[in-house]
Amino acid sequence: MSHEILEVPVNSEKRKVEICHVTGRFFASKSDCPYLESAAHVCLNRNSAEDDKNWHYNSNLLPILDELVAILVEFGFANVIRLETTPDREIQRKTLEISEIPFENSKEFRTKRLVVRDFWKKGYFIADGTRFGGNYLVYTSSPNTCHAEFVLICAPITDEERISAMRCCNQVKKTLLLATTSSESTQPHYTQCTWFRPEFY
Amino acid sequence: MAEWNRAKRKRKTIEIQYTGLASNSTLKVTKVTGKHLESMGIPGKFGYEVYPEEAVYLMETGSATISTSSGRDLSLLEAFSILEAMSVPMSKYEAYKHVKRTGLVVLRPRKPTIDFERLRHVEPKIRQKFAEKSFEMLVNRHTVPEERVPNPDSFPSFENRNGQISMKMKVLHTSPALVNFLPLEMLESIQTSTILQNLKPPTPNRPPCRPPSYWPFVDHHVTNWQEFRFQAEQARQETVLRRLKKLRPPSHAELRRERITVENVDFHVFSPASFSHRLPARPLFSLICYSATGPPLKISELAELENVVFAMEEAGKVNFVAMSGASIDLNNYLC
């Protein structure tokens with residue numbers, strides 16, 4: 001991990017996006033979405049037609065995944081701020097250091113962070129894949145223009161869960177990937193799961 | 001032009017005040033405009049009060065502004081911190097926003113307005129009497145009265161002398177006339193014919209028998225008067241309690257059984273067609289919101305819920321799952 005960080009050139013001229021941490025979530029502004037998509041190839045949320053037609057909905061805060069926040073802060077694309085209440089009941093902003101960001105301190109999160117970081121460096125787009133039975137959806141280009149290529153599972157799962165996820169991915173024309181990491185290296189190992197039918201062999 | 005638009009927008013928005021106090025679970029509405037509050041919030045004597053998720057939703061749709069006690073308007077990010085300060089999770093707010101945008105009326109479950117205590121026919125005098133009697137019994141719980149001791153020497157006592165157990169018991173009759181029996185010579189010389197002629201016939205109206213001084217216990221074997229008095233007092237208290245059982249105020253379990261709405265849900269969803277705050281309404285369904293990556297629910301809990309929809313939220317998107325609740329009839333699928 002420390003060796004790969006040194007390979008990244010430090011560029012202070014990059015524009016930094018403000019990401020806010022409220023109620024245990026990370027939010028980014030909607031106006032920063034085109035910049036993040038073009039410069040950092042991170043897509044916040046897929047725009048739906050319902051939101052465009054509804055003129056009442058003018059929210060400018062979109063949720064972003066914790067692992068993507070870690071990537072943006074690490075490579076200098078974003079700063080994390082947090083609102084604090086002063087004793088006279090006024091709200092002020094405070095910029096957090098990378099060690100002060102309240103990420104989940106667990107082995108599973110570190111594994112997910114490594115896998116998402118590896119995919120991000122390869123140029124893929126990452127989205128949440130809970131509804132497809134996995135951890136992430138991996139897109140080759142912007143999620144607004146194409147469907148996902150892979151459904152990614154990072155945590156170790158049982159055979160029953162893998163069968164369920166495999167059947168779901170087979171129906172939605174996506175490839176199921178199992179990502180495993182070891183303590184020796186920081187490079188994840190990817191295994192593809194395909195639906196095998198012996199009568200067609 | 002922009003200033004005029006801002007003034008026009010300011011005139012048409014609902015104004016909500018946020019005091020920052022942790023004791024209040026609602027926000028106060030200082031200016032009411034439009035029809036949004038007809039299906040939101042709590043109408044009270046001093047105006048409307050809204051819950052934090054309703055206030056943030058109104059602000060996010062541009063229908064309201066939230067200001068602090070110093071008069072400054074909050075931004076949307078600071079409004080989200082209100083949710084955090086008032087312990088509203090983000091999954092609950094996302095589910096509320098999603099269902100609200102479909103046009104349904106989404107409200108938190110309110111306290112029942114029917115006083116179930118008043119429905120039960122218990123007179124206040126009898127209730128007070130029951131309270132006094134209960135208080136007396138609680139105070140005199142361990143006090144055994146020194147009454148009704150007919151004969152303290154009626155029970156035998158046991159003595160242990162050098163391993164040998166002996167029983168001492170006094171005689172039941174202390175009259176000296178009964179101790180010395182009559183000799184046989186006097187019994188033979190009694191004139192029975194004269195005595196039998198003087199006997200009176202039995203009368204139909206017999207005098208009432210004297211009631212016994214104490215009633216023996218059938219279930220308990222009492223060996224001394226101390227234990228007898230304790231058992232007698234307990235039996236008397238049980239008799240009084242059994243007599244006053246019908247006047248007892250209803251317990252908490254009975255009240256819960258009479259509840260109309262489902263408990264332990266996050267929201268009740270009503271139809272917007274005929275909803276009014278002042279009319280009682282039955283919800284279309286109830287809503288339970290939680291995060292998809294959080295701890296899962298138990299299957300035993302799902303089996304007890306009826307007419308409940310689960311909203312599982314994942315990173316800004318909400319998935320809705322409806323449960324049957326009651327056990328389904330599998331015979332309906334056979335034909």
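Definitions and cut-offs
Residues numbered from 1 in each chain as written. Chains lettered and ligands numbered in written order. Predicted model: local features only at pLDDT ≥ 70, side-chain atom pairs only at ≥ 80, totals over all residues. Heavy atoms only, no water. UniProt positions renumbered as here; feature names shortened; annotations may be inferred. Helix = DSSP H or I, 4+ residues; strand = E, 2+ residues; numbered from the N terminus. Buried < 20%, exposed > 50% of the residue type's maximum accessible area, 1.4 Å probe, protein only. Contact = heavy atoms within 4.5 Å. Areas by Shrake-Rupley, 256 points an atom, 1.4 Å probe, with all protein chains shown as cover. Polar contact = N/O pair within 3.5 Å; in protein donor to acceptor, adjacent residues only side chain to side chain.

As annotated in an unreviewed UniProt entry, chain B is tRNA-splicing endonuclease subunit Sen54 N-terminal domain-containing protein from Caenorhabditis elegans. The record held by UniProt for chain B lists under Sequence similarities (unreviewed entry) the comment "Belongs to the SEN54 family."

Taking an unreviewed UniProt entry as the reference, chain A is identified by name as tRNA-intron lyase belonging to Caenorhabditis elegans. Per its UniProt entry, chain A bears the Catalytic activity (unreviewed entry) comment "pretRNA = a 3'-half-tRNA molecule with a 5'-OH end + a 5'-half-tRNA molecule with a 2',3'-cyclic phosphate end + an intron with a 2',3'-cyclic phosphate and a 5'-hydroxyl terminus." The record in UniProt for chain A states the following under Sequence similarities (unreviewed entry): "Belongs to the tRNA-intron endonuclease family."

**With respect to the overall build of chain B**
Helix and strand counts for chain B come out as twelve helices and twelve strands. Here chain B, with 335 residues, has 29% of them falling under the buried criterion. Looking at chain B alone, contacts between residues at least 24 apart form 50% of all its contacts between residues at least 6 apart. Summed over all atoms, the accessible surface of chain B reaches about 24500 Å², with 56% contributed by carbon and sulfur.

**What about the side chain of Asn135 of chain A?**
Residue and element names in this part refer to chain A. Within the secondary structure, Asn135 is located in the loop between strand E6 (125-128) and strand E7 (136-139). On the basis of relative accessibility, which here comes to 18%, the residue Asn135 falls in the buried class. Within the structure, Asn135 has its side chain in polar contact with the backbone nitrogen of Cys154 (distance 2.8 Å). Excluding residues that lie within four positions of it along the chain, Asn135 makes contacts with Lys112, Ala127, Asp128, Gly129, Thr130, Leu152, Ile153, Cys154 and Ala155.

**A short note on unusual backbone geometry**
Even without a glycine there, the phi angle at Lys173 of chain A is positive, about 60°. Note on placement: Lys173 of chain A falls in the loop between helix H6 (159-171) and strand E9 (175-180).

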